[in-house]
Each structure stands twice: as structure tokens, then as C-alpha cells.
Amino acid sequence: MTERLVGRDRELAAVEAVLPPAGGQQRRVVELTGDPGAGKTRLLDEVLRRAAGRGLLVLHGRGSPATADLPYALVCDAVAHASVAEPRLAELGRMLDPGAAGAPAGDDSAPWSRYRLWARVGALLDELADERGLLLALDDVHDADSASRELLVALIRQAGGAPVVLLLADRPRQLHPQLATAIDQAASHLRVPLPPLREEDAAELLPALPADERRRVWTHSGGNPLYLLTLARRAASPDGSVAGAPDRDPLRTRIAAEIAGLPGSAQAVAHAAAVLGDPVDVAMLAYVSGLAEPVVAAALDDLAAADVLRSTPDGLRFRHPLVAAAAAAGAGPAWRAAAHARAAAAYGRAGGPLPIQAHHVVRSARRRDRAAVDVLERAAEQALHRAPVSAEAWYAAARRVAPADDEPLLRRLDVAHATALGLAGRLLDSRALLHAVLPRLPAGDPLRQRAVAAAARTEHLLGSHEAAAALLRRELHTSRPDGGHSDHQLLVELAAAEVLAGRWEPALAAARAAKAGPGADPATSAAAAGVAALALFTAGSVAEARQAALAATAEVDGLGDDEIAGRLDSVVWLGWVQMFLGEGPTALRLQRRALGLARDRGLALLHVHLLVGQGSAHKWLGELPDALRCFTEAEQVARLVGSEHLEAMAATMIARAWTWLGDATAAERWGERAVGLASRRDDWLSRVAPAVLAQARLEAGRPDGVAEAVVAAGGGVDLPAFDVMSRMDWYHMLARAAAASDDPVAAKGWAERAMAGARDSAGDLPAAKAYALLAEAEAQLAAGAADAAVERALEARRGLAAAGNRLDAARADLLAGRALATTGARPAALDVLGRAHLAFDECSAAALREQAARELRRLGRRVASRPAASRPAVVRSVPRLTPREAEVARLVMEGRTNRAIARALSLSEKTVERHLGHIFVKLGVSSRAALAAAVAHEAADA
């Protein structure tokens, strides 16, 4: 009976249809899913054979429970199985190897963080695929190690523009929810379930079996190919029978019988090989098994002859992880523990990779084993930013075997373990452990200060800003008032907590106290200066805030990379205040430097804040596609960190970005997501998110509910919860909403509040005053005072342009142009509206560009949705699009329907739909309106 591929023609054809070149120039995810024994591995092997026949570069790996604690073991296995020698594959191996220090050869920087590593892996896969197409086929991904699983999630979410297919075989009931969600949400996802075989398939698979016996076998197997073959073998044996149901795990039983039938030395070597893992090493096998090397060599021949081990380009390997598992199980738990101990000792003497040592130590260490604690602690520290889930497991193991009476060691392990839990996204567990260890840490212990700061940051990530501030105040009150270095750090943490809780005066007091006392290091001093500047600004002291921000920027610029990496908050708060002060380029420069350090060193806790800050600076400068890219990355990092608070923040900013990019559907969808996440807690985001959702609906022509949402977010009609810049912007929006609702009286009321606020606190802030002027212009236009509206709008435009705010300066032009058209000043209106149209085009603000175009058309000027002369060249310059896709994109951007495009290009509508789907995936957009923004950005990068 031959185990041929039977009954899977449809599934095989579905997978083949998306392999390059048929699958096009894009990254695709194909999921083969089915119960154990459904034939996933057999189908995957056939796909691999056909992909290699097409000339594709094929990488094939398999997950295994035995390596679940080794970072990137699954993907390393795929790289190791590559059939070609390629420098970029070698680089992949160096980056991902569980035993590597972290950076590729030739890179002397600190170990790569997982964020930077994932980006580089994606880029390398795209480079390899560009030349011949690439298939990354991973079997048993439900058994993937945590680092490989997170890498796969990142690869799935990346907008790859090369012919890469991620072929993942899994058992759906055992697949990790994080990976299952990423697969379901993939831009291009094909799910291929493997149903039970039909009776006619059984006849084709088992032609030699009598029909009646075959029918009984098929009935008892439930159509499962593995059970079908196992029962058929039993039926064909002299004493076989299928009278009852099949074994619970017939494959494991069969494999165990295979190994048990081998000579004793071969069994011992199989047990040792299972402990050591693939590929086998004769010297290590001899040491672990206790046999002489010649005996081991002969046993390996026996194992290869029995097909327990198979020859591969990098050595002998078990033919399947289940074979290795059966070999390990046959040895008995006591023998396995002793073998792992011998392996750990051998690797330790040889200076082997720490992760490999830790892998064996975890399975063999006993209580009070200080040497084991040392190995586990060092391995966890090395893996902390590359693979925090593995680090968390190793810290936990070290804690279990540490001497129970060594309290300083236990405290150190607990704090480190809590840090790893936080980085792994288990924030609640991290908080619980930190609060459990704090009572055991004596006052004045530097480790206590570190634990308190970590606990406060965890509270922030959970959205509990009040709890963070209370914890820090309590600690500062009970600690010795010696003005030590640690108190400076806690005061900075308290200042940040007060800012996030919306209390500006206490934030300023804490920041000044941190900076005033003796002994503060330069990075802590710079962080305190940044928080102080932000608190001054939000409290309305604009002139003083400007001076403080200038001094703080000089302090930060004087810091080295290591100093900034130790206190990224020195940039977070300073970047925000510089942007509010209208210094967008300075804010962007600061945030780019800090964000690069956060990516390189895996500093995730402030990563989202930096991304949101950088994206906001891009928005201020009119670089909307860049803003969206930052906010989208922030949302992905927030998910990884496990913080709903950060997710809500990022989703709120994504909603605002899509609002200005002109995709109302995406803006509302993200706004609703932000509201859903933020509503689970009571903080400033829970109030701001509904206001942002209302803003998205206003831009889509639905002004109802705007006033209620903004007033609630701002803490009343005077909007005291907002800083002066944001307050003026929201007043402008309230005036617009009232005007859109044909309520000039309400519009005037909001404008008067804005102008009063501008006189009181915005005199030193031209951009804030400009928003108030825009509110007044909206109210005047609604009341019929068009001449006054023109004057106010153009004055606002000058203030916004001087502050570098291109997008809002163009909005002021749009308002001025509408008012000029009302007065009959057609030439002036055309001039101002044309300037707005061009600026919106350059900013990729599609909906606002179309508003300006409509106003121009009303005045008799012919204008396309984009400048017609530049559009074809812009589209053709996007490197990710094929020539045909560029033509389709050009016609879409001209506003043509799929039917019209099909007629113009002599294609079917279905073909046009397929091209459009590819374009959306490549450019990472979800609508026709967003396509224009993405094309403009891609062309600029080309």
C-alpha cells in the first residue's frame, strides 16, 4: 500500500494557484488546516515538490514541542533546510539562531530588538523573492516557539511587495490565538481546510484491500487518512482486526513499536538524539548516551536504515517531530532528566550557546542549583528583548530552582521576571508580581526604586494613571529624603504620571523637584526638563514653556545614545511640546532619534508614545501617509505589548489619519474600535476617542453629536481638560459642526469662546490663535458676513503657514476661497482655492482635495481629482505596481468605475477586481480614496 496523495486535488490546485508567478507580486498567506492525521504534511510535501519544480526558492521548517522554548527555532529550521547557499539566507540564520548574540556578523551594535529584526527578516525575504519567488512552508505551526510565532505575525502584517508565500500548516484547535487572528486578518489569505476522505478516495488509496474490509476500515477511520492507513495495515496483518475503533493515537503507537523493535544500542542512541535535538552530533550522542563513538556510528546506521532518522543537507534528523517525541518518551523521565543534565554540562564546558544550555538546564535542574540559576538568568537576560516569552520562562525556571533562603537572589529574579512578563504582553501578571515583591524590598535598595518605576509604567500601560501616581507619591513619601539619584528618577516618573492623568500643576512641581535637587544624572535631568516644558504648556504658560523647551532640547541634544536609551521619556514629552509650539521639524528630529533607539534595543514600553508623537509631527507637517504609517505601527506594537490603553491611543490616531486622508469608512471603523477599547476604563482616552469618532463623522458630512462628544472630552464648554492648542482646534471643529447643522448662533458662540481663549493664553502661539480665527471665520460665513470671513481665514492661514502646518493652512485657504466665491470675487477665489487644491494634493488629503476641486468647478474651472498631467507618471513610478496595475490605479484615481476601466483596457470586470485587490494589498489601503495617498507616498520613495 503506497501513501500516495489521494483526494486532495482540489486543495492542491487551490494552493498552486497562488504560488508565483500565478499569485502575482505580493505577499500571500496560505493556511493548510485540519485535524491530526488529515494529511497536511503529505499535501505540503507535494506543494514543496511542485514549487521547487517551478524554480521557486523553498524554505521548509517544522514546529516541535521539544524546541518550544528556543527562540526562532521554527524559522531557523526552515533556513537550515534551504537547498541553496545564499549570503542573505546565511544572514537570516545568524540573526535568528537561538545561540546568536543578536546582531548579524559585522554589526557591532547592541543586540537587535525583535522589531528591528522582524523588519530585516521581511526585507530579506522580499529581496530573495524578487529574484525567483519564495515559498516559506512551515508545518505544525501550532507547535511553533513563541518568538517564531511573533515573527510570523509581523510578516503577515507587513505589506510585502514581492512574490512571497507563507504556507502554514496547523491544527486549528491548537493554533495560538495571536497567530490565528493575524492569519484571519491577513490582507491576502487563503484558507485550505482538509476534509475527511470520501469512500471512493479510500478505494483509490487502498486498491489491494478487499472492498468489504476497505469499507469497514474507511467507516472506522472517519475518513482520516492517517487512521485509514493505520487500520488498513492492521487489517492486512495476520492477526489484524478492525472490529473496534482505532487506537486513540495510532501513529504514536506505531512509531513506538518501530523504535522498540530496534537493537538496544540503536534505541539508546535514539533516546539521546531526542534529548539533544536535530541535527544529531556523534560526539554529543556518545557523551549523552554513554556509548562509545563507534557504537554510536553503527547505531545511527541502524536508525537510518529503519527510517527513524533521515539524511538532510545539514545532517541526520528525525523524519518527523512525532518520531523524536516517541523516542524521548520511550526513555523514561528519570533517564531523560539525567541525559539533559549531561547535555547541559557538556555545552557549558564547551561554552555553547546560552539558549541551548538553558533548554537542557530547565529539564534537569534541581532545587538549590546555583549554577543552573546562573545559566537560566544569563540566557533570559540575553533573550529579553529578542524573545521575551522565552526570557519569561527561563526567569520562572530560575526562580523555581533557586535556594529558598537566598532572599536577595529571589527578589532580583522576581523583578527581572516581572519585566519579562511585561515585555511579553502579560501586563496583569507583571503588575501582580511587582506588587508582590515590593513589600520584600527594603527602602533605599536600588532594586526597589527600579521595581517601583516598573510598576508605575505597567499601570500606565494598563491605563491606570491614577494608580501609578498614587504608587509613586506613596513611595516618595516613605523613602528617605536624601535627594539621592533614585528619588530623581521617581519624581520624573511621578511628573509623567500626573501629565497622563491630566494634572498639570502637580506634574510641573514634580518635574521641577526632580531637576532642582543635587545628584541628578544628565538623562534624568533632561527628562524632567521635557515634562516641565509640557506641563507649562498645558497649563497655558506658553512663553515660559517655549523657553523651557528650548533649554530641554539643548540638554537632549547633548546626550549620547546610551543615555537617551536609558530615558526615552526625555524625548517623548519634549517632542510633544515642541510640536504644540509649532516646531514640527524639531519634534520630528528628536522623535526619529529616540524611535531608532527604541527599535534597535527593543524598548517597547515607550515605543508607542514615540510612534504616536512622530506620526503627529508628520500630520502637522502635512505628511499624512507617513503619519498613518507611524500610527499603524504603533497599533501593532500596542497589541504586542498587550496594552488596551496603548491600542486605544493608536486606534484613535489612525482614525484621525484616515479622516484627513479622506477614507470615511476606515476613519469610522477605527474610531469605533478606539471607542470600544477606551470605554473599558475611565481616563482621558475614554473621553477623547468618542470626540475623534464624531470628527470622522463630521468630515463625512454627519455633524450630529459632535458638540456633545467634544464637550464631554474637554470637561465642559470651556474645554479645560485640553491644552491651549488642542482647545482652539476643537473650538474650530465645534464652529464647523454648528455651521454644517445650519445653526449660526451656536457657531458664533463657539467662535466667541475660541477668541476669548486666544486673547487669554494663545498670544504667544500663532497656530492656536489661527484656529480661533478659523472658528470665527466659520461663524461669520454661516451668518452671511463673507467679507469678514475672508479676512479672518486668510489671517489664520498666515499663522498656520508660519508654524509649518501645511494641512490646516490649506484648510484655511479652502474656507477663504468659499467665502471669496460668495462675495463674487471669482479671480481671487480661484487663486486661493487652487492653492488649497494643490496643497491638499501634496498632503494626500483626498477628501479635502475633492472639496477644493468641487469649489473650483463651481467657479467654472475644469479640474481632475488629481492633476491629470502628473497622475500617470506618479502611478507608473510606484515600484510595487506592475504596468497593468499602474494603469488600473490611474483610472481608479480618475474616478472611473470597474466597468469603465474594463472597457478602457479591454478586460473583464472580474480581472479588474483582481488587479484592484492586488493594488490594495500592495499599497496597504482599504478604499479607492486612500489609494491616492498611498500612490503619492510610494512614488515619493521610489
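Residues numbered from 1 in each chain as written. Predicted model: local features only at pLDDT ≥ 70, side-chain atom pairs only at ≥ 80, totals over all residues. Heavy atoms only, no water.

Some words on the overall build of the protein
- A tally of helices and strands in the protein yields 48 helices and 7 strands.
- Counting every position in the protein, which comprises 942 residues, the buried fraction comes to 57%.
- For the protein, long-range pairs separated by at least 24 residues make up 66% of all intrachain contacts whose partners lie at least 6 apart in sequence. (Helix = DSSP H or I, 4+ residues; strand = E, 2+ residues; numbered from the N terminus. Buried < 20%, exposed > 50% of the residue type's maximum accessible area, 1.4 Å probe, protein only. Contact = heavy atoms within 4.5 Å.)

Observations regarding the side chain of S686
- Following the sequence through the fold, S686 ends up in helix α35 (residues 684–699).
- Assessed through its relative accessible area of 18%, S686 is described here as buried.
- The residues contacting S686, other than those within four sequence positions of it, are A678 and R681.

Describing helix α3 (residues 73–80)
- Counting buried positions along α3 yields 7 of 8 residues, so the element is predominantly enclosed.
- Regarding α3, the residues found buried are A73, L74, V75, C76, D77, A78 and V79.
- Where the residues of α3 are buried, they touch β2 (57–62), α4 (87–96), β3 (134–139), α6 (146–157) and β7 (315–318).

Remarks on the nonpolar core
- Counting 226 residues, the largest nonpolar core has L92, L96, V121, L134, I156, F537 and F840 as the members making the most contacts within it.
- Once you skip the residues sitting within four places of it in the chain, F537 turns out to touch V542, A545, V577, F580, L581, D723, V724, M725 and L765.
- Counting residues in hydrophobic clusters, the runner-up holds 31 residues, among them I259, L262, M284 and V288. (Core = buried A, V, L, I, M, F, W, Y, C linked by side-chain atoms within 4.5 Å.)

Re the packing of helix α5 (residues 114–132) against α6
- With their axes 10 Å apart at the nearest point, α5 and α6 run at an angle of 60° to one another. One finds that α5 runs oblique with respect to α6. Judged by the twist between their axes, the crossing of α5 over α6 is right-handed. On α6, the residues touching R114, W118, V121, G122 and L125 of α5 are E150, L151, A154 and L155. (Axes fitted to C-alpha atoms, helices over the stretch in contact; angles between N-to-C directions. Parallel < 35°, antiparallel > 145°, perpendicular 65-115°, else oblique. Left-handed = near helix turned anticlockwise from the far one by under 90°.)

As for the sheet that holds β3
- A sheet is described by the order of its strands in space; here 5 strands give the open sequence β2-β3-β4-β1-β5, paired in parallel fashion. The outermost strands of the open sheet, each flanked by one partner alone, are β2 and β5 (189–193). The sheet shows a mean angle of 15° between the axes of neighbouring strands, taken without regard to direction.
- Of the strand pairs in this sheet, β2 and β3 are connected by 6 bridges, and their pairing is parallel. (Pairing = 2+ DSSP bridges.)

Remarks on the packing of aromatic side chains
- Applying the stated rule across the entire model yields 4 aromatic pairs.
- Where F537 meets F580, the ring centres are 5.4 Å apart and the plane angle is 10°; that geometry is what we call stacked. On the criterion of sequence distance, the pair formed by F537 in helix α26 (residues 522–538) and F580 in helix α29 (residues 569–580) is long-range, its members being 43 residues apart. In this pair, the class of F537 matches that of F580, namely buried.
- The structure contains a cluster of three or more aromatic residues connected by ring pairs, namely F537, W576 and F580.
- Just above the ring of W335 sits the side chain of R342; from NZ or CZ to the centre is 5.8 Å. (Phe/Tyr/Trp six-rings, centres within 6.5 Å; stacked < 30°, edge-to-face > 60°. Lys NZ or Arg CZ within 6 Å of the ring centre and 35° of its normal.)

As for the pattern of salt bridges
- All told, the structure shown has 62 salt bridges when counted by the stated rule.
- Of the charged contacts, one joins R310 and D307 as a salt bridge, the two residues approaching to 2.7 Å between their closest N and O atoms.
- For R310, a relative accessible area of 40% corresponds to the partly exposed category.
- In this structure, R673 and E635 form a salt bridge, with 3.8 Å as the shortest nitrogen-oxygen distance. Placement of R673 in helix α34 (residues 664–678) and of E635 in helix α32 (residues 624–641) is noted, with a sequence separation of 38 residues between them.
- Accessibility expressed as a relative area gives 33% for R673, which makes it partly exposed. (Salt bridge = Lys/Arg side-chain N within 4 Å of Asp/Glu carboxyl O.)

Thoughts on the side chain of D729
- As for its position among the elements, D729 is in helix α37 (residues 724–740).
- For the buried D729, no salt bridge is present, and the opposite-charge side chain at shortest range is R656, 4.2 Å distant.
- Leave out the neighbours within four places in its chain, and D729 touches R656 and Y771. (Lys, Arg positive; Asp, Glu negative; His and termini not counted.)

Topic: the environment of A754
- Along the chain, the position of A754 falls in helix α38 (residues 744–761).
- For A754, a relative accessible area of 0% corresponds to the buried category.
- If we ignore the near neighbours within four places in the chain, the residues touching A754 are M728, Y731, A772 and A775.

Focus on α32
- Between its first and last C-alpha, α32 extends 26 Å over 18 residues, near the 26 Å set by a 1.5 Å rise per residue.
- Taken together, the buried positions of α32 are L624, P625, A627, L628, C630, F631, A634, E635, V637, A638, L640 and V641.
- Immediately downstream of α32, the backbone of G642 shows phi near 85°, a positive value. (Expected span 1.5 Å × (residues − 1).)

Overview of unusual backbone geometry
- Look at the link from P20 to P21: it is a cis peptide, with omega at 0°.
- The backbone of D742 shows a phi angle near 60°, a positive value even though the residue is not glycine.
- You can see D742 is positioned in the loop between α37 and α38.
- Exposure remark for D742: the relative accessible area of 70% places this residue in the exposed category.

Observations regarding the pairing of β2
- For β2, the buried fraction is high: 6 of the 6 residues fall into the buried class.
- Burial along β2 is two-sided: L57, L59 and G61 facing one way and V58, H60 and R62 facing the other are all buried.

Quick word on the packing of α37 against helix α39 (residues 766–782)
- Packing of α37 against α39 brings their axes to within 8 Å, and their N-to-C directions diverge by 10°. Judged by the inter-axis angle, α37 sits roughly parallel to α39. Contacts between α37 and α39 involve V724, M725, M728, D729, Y731, H732, A735, R736 and A739 on the former and, on the latter, A767, A768, Y771, A772, L774, A775, E778 and A782.
- Residues belonging to the contact of α37 with α39 are distributed by class as follows: 13 nonpolar, 1 polar and 3 charged. (Nonpolar A, V, L, I, M, F, W, Y, C, P; charged D, E, K, R; others polar.)

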